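# Fold and contact review
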Amino acid sequence: MNEQIFDFLKELRLNNNRTWFQENKTRFDALRQYFLSEVQELIDRIALFDPQIAGTEAKSCLFRIYRDIRFSPNKLPYKQHFAAYIAIGGKNSEYGGYYLHMEPGNSLLSGGIWCPPPALLKMLRKDIYDNMEEFVEILEEPKFKAVYPSLDGEVLKRMPVGFPEDAAHGDILRHKDFCVYCSKPDEFFLQKDWMEQAVEDFRLLQPFNRFLNYTVDEYLGKV
């Protein structure tokens, strides 16, 4: 049914309005239910190598297709992708996790922490700075780097306050997000073994997430 998801999203891109969506609501509901079951299977498989994910329910990880347009200049009412963030506590978690994004021509797998609150960002930078060798080793591990070549997200122009201007790997410390991603062609999700391949790509993220989540535990007072 992944092909049907892409077909639906392509049509939605051309008809992003409430009338069309209501006419196709039954179709959307069936596709969302299928996507929900696929995400649950992903969770169960990821839990085999990341036990912290065990027990997570897919419904807590799925993002709504409805856009919040109250303060946005973009008034299109619907998102044009299906997505889920698999992490402790679901999609709104501050923990690093595993992100699945299906969108025609713009699909991806991702992981890590996106847009942490300022206090957590400060702690993440401090722990990375204090354990830079370990963090770089994770990023430069050949299999990891082949799939996730570099950190993604917004980067400061100057070194953040509290760190020396000549700090080793200052480019890492200037990041405001600590996440990585790999783009996937639509055809990736049309293969019979796409989930097995996705799980293997997600498996590579486990040391990266584990490093970041130790800091999140400290931030949340769990260490």
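Our structure is the block above this text.
All of these numbers come straight from a predicted model, not from anything done at the bench. What you see as residue numbers is a count from 1 along each chain, following the sequence as written. Given that the model is predicted, a residue must reach a pLDDT of at least 70 before its local features are reported, and side-chain atom pairs must reach 80 or more before they are shown or counted; all residues, however, enter totals for whole chains, interfaces and linings. By convention in this description, side-chain values take in all heavy atoms of the structure and omit both hydrogens and water.

## What about a negative patch on the surface?
Stated formally: Here the term patch refers to residues with relative accessible area over 30% and no salt bridge, with like charges joined within 9 Å and nonpolar side chains (Val, Leu, Ile, Met, Phe, Trp, Tyr) within 5 Å. The Shrake-Rupley method, run with a 1.4 Å probe sphere, supplies the accessible areas, and residue values consider only the shown protein chains as cover. Just to be clear on terms, a salt bridge is a Lys or Arg side-chain nitrogen sitting within 4 Å of an Asp or Glu carboxyl oxygen. Positive charges are assigned to Lys and Arg, negative charges to Asp and Glu, while His and the chain termini are left out of the count. Charge placement uses NZ in Lys and CZ in Arg. For Asp and Glu, CG and CD serve respectively. Labels follow the DSSP assignment, with helices taken as runs of H or I lasting at least four residues and strands as runs of E lasting at least two, numbered in each case from the N terminus.
On the surface, a cluster of negative charge is contributed by E133, E134, E137 and E141. Relative to the helices and strands, E137 is located in helix α5 (residues 132-140).

## As for the environment of I69
What counts here: By the convention used here, residues are in contact when the closest approach between their heavy atoms is within 4.5 Å.
One can find I69 in the loop between α3 (25-46) and β1 (82-86). As for I69 and G153, which are separated by 84 residues in sequence, their C-alpha atoms are 23 Å apart. Setting aside anything within four residues of it in sequence, one finds I69 in contact with R18, N74, K75, L76 and P77.

## Things to note about the sheet that holds strand β4 (residues 178-184)
The test is simple: Here, strands pair whenever DSSP counts at least two bridges between them. Under this scheme, a helix contributes an axis fitted over its contacting stretch, all axes are lines through C-alpha atoms, and angles between N-to-C directions fall in the 0 to 180 degree range.
Reading across from one edge, β1-β2-β3-β4 is the order of the 4 strands in this open sheet, with antiparallel pairing throughout. Both outer strands of the open sheet, β1 and β4, are each paired with one neighbouring strand and no more. Averaged over all neighbouring strand pairs, the angle between strand axes comes to 15°, with direction disregarded. Helix-sheet contacts for helix α1 (residues 2-14) involve β1, β2 (97-102) and β3 (107-113), and the interaxial angle to β2 is about 65°.

## With respect to the side chain of Q206
Here Q206 lies in helix α9 (residues 206-219). Discounting residues that sit within four places of it in the chain, Q206 has contacts with F49, D50 and Y98.

## Topic: the packing of α5 against α9
Rules: Working rule for angles: under 35 degrees goes down as roughly parallel, over 145 as roughly antiparallel, 65 to 115 as roughly perpendicular, anything else as oblique. Should the near helix be turned anticlockwise from the far one by less than a right angle, the crossing is left-handed, and should it be turned clockwise, the crossing is right-handed. Gly is put with the polar residues, along with every residue not named as nonpolar or charged; the nonpolar set is Ala, Val, Leu, Ile, Met, Phe, Trp, Tyr, Cys and Pro, and the charged set is Asp, Glu, Lys and Arg.
As a packed pair, α5 and α9 sit with axes 9 Å apart at the nearest point and diverge in direction by 155°. Classified by the interaxial angle, the pair formed by α5 and α9 is roughly antiparallel. The interaxial crossing formed by α5 with α9 has left-handed handedness. Counting all contacts with α5, which are made through E134, F135, I138 and L139, the residues of α9 involved are P207, F208, F211 and L212. A breakdown of the residues in the contact of α5 with α9 according to their chemical character gives 7 nonpolar, no polar and 1 charged.

## Focus: the pairing of β3
Inclusion rule: Only protein chains enter the calculation, and the probe is 1.4 Å; a residue is then buried if its accessible area is under 20% of its type maximum, exposed if over 50%, and partly exposed in between.
Buried residues dominate β3, accounting for 7 of its 7 residues. Neither face of β3 is left uncovered, since the one carrying S107, L109, G111 and I113 and the one carrying L108, S110 and G112 both have all their residues buried. Two strands pair when backbone bridges link them, and β2 and β3 are joined in this way by 5 bridges, in the antiparallel orientation. Opposite G97, over in β3, you have G112 as the bridge partner. Between β2 and β3, which follow one another and run antiparallel, lie 4 residues, and G105 among them has a positive phi close to 80°. Examined bridge by bridge, β3 and β4 share 7 bridges and lie antiparallel to one another. By the bridge assignment, L109 is partnered in β4 with C182.

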